[in-house]
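A closer look at the structure
Spelled out, the chains give:
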Amino acid sequence: MDVYTPILVLGAIAAVFAVVSVGIAVAIGPRRYNRAKLEAYECGIEPTPPSAAVGGSAQRFPIKFYLTAMMFIIFDIVIVFLYPWAVAFDGLGVFALVAMLLFMLTVFAAYVYVRRRGGLTWD
C-alpha cells in the first residue's frame, strides 16, 4: 500500500483543487445572465427550430469545423506516440524506424486530405 500512497495523495489533491475551483467560480463569479448568454451557441450558426414536417429540417454544417477538430486530435495522437519513440530511438532499431515512417505517412495523408477539402482555409 505504501507504493500507491503518493498516487492516492495526488488524486486527492487534484479532486480537491477541482471542487474548490468550481466552488470559488460559482461563489464569486458574475451573475449577469441575459437571453443571449442562455441560448445555445453552435459554432456561429443560428439554431433553427425543427419544421412541422416529419423528421424536422436539417441545416448544412460546414465541414471545416469537423476537419479542424479531427486534425487537432490526430496531431495530438502523433505527439503522444513521437515522444516515447524519440526517447527510446537508439535501442529500437530499424523496425521501429520503418513503423514510425509508416505512421507519419498516414498522418501526412490525413493532412493532405484536409488540405484538399479546404479545411485549413478560412474565409
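Going by the annotation in an unreviewed UniProt entry, the name recorded for the protein is NADH-quinone oxidoreductase subunit, with Mycolicibacterium thermoresistibile given as the source organism. Its UniProt record gives the protein a comment under Catalytic activity (unreviewed entry), which states: "a quinone + NADH + 5 H(+)(in) = a quinol + NAD(+) + 4 H(+)(out)". Taken verbatim from the UniProt record of the protein, the Function (unreviewed entry) comment is "NDH-1 shuttles electrons from NADH, via FMN and iron-sulfur (Fe-S) centers, to quinones in the respiratory chain."

So, about the UniProt feature "transmembrane region" (unreviewed entry) in the protein. Per the UniProt record, "transmembrane region" (unreviewed entry) is found at residues 6-28, 65-86 and 92-114. In the segment residues 65-86, helix accounts for 100% and strand for 0%; the C-alpha atoms at its two ends are 31 Å apart. Measuring from the first to the last C-alpha atom of residues 92-114 gives 32 Å, for a span that is 96% helix and 0% strand.

This paragraph deals with the packing of aromatic side chains. What the rule picks out here adds up to three aromatic pairs. Aromatic pair Phe81 and Phe103: ring centres 5.4 Å apart, planes at 80 degrees, arrangement edge-to-face. Of this pair, Phe81 sits in helix H3 (residues 63-87) while Phe103 sits in helix H5 (residues 94-117), and the two are 22 residues apart along the sequence. The class of Phe81 is partly exposed, set by a relative accessible area of 45%. We classify Phe103 as partly exposed; its relative accessible area is 24%. When the centroid spacing of 5.0 Å and the interplanar angle of 65 degrees are considered together, the rings of Trp85 and Phe89 count as edge-to-face. We classify Phe89 as partly exposed; its relative accessible area is 36%.

Conventions used here
- Residues numbered from 1 in each chain as written.
- Predicted model: local features only at pLDDT ≥ 70, side-chain atom pairs only at ≥ 80, totals over all residues.
- Heavy atoms only, no water.
- UniProt positions renumbered as here; feature names shortened; annotations may be inferred.
- Helix = DSSP H or I, 4+ residues; strand = E, 2+ residues; numbered from the N terminus.
- Phe/Tyr/Trp six-rings, centres within 6.5 Å; stacked < 30°, edge-to-face > 60°.
- Buried < 20%, exposed > 50% of the residue type's maximum accessible area, 1.4 Å probe, protein only.

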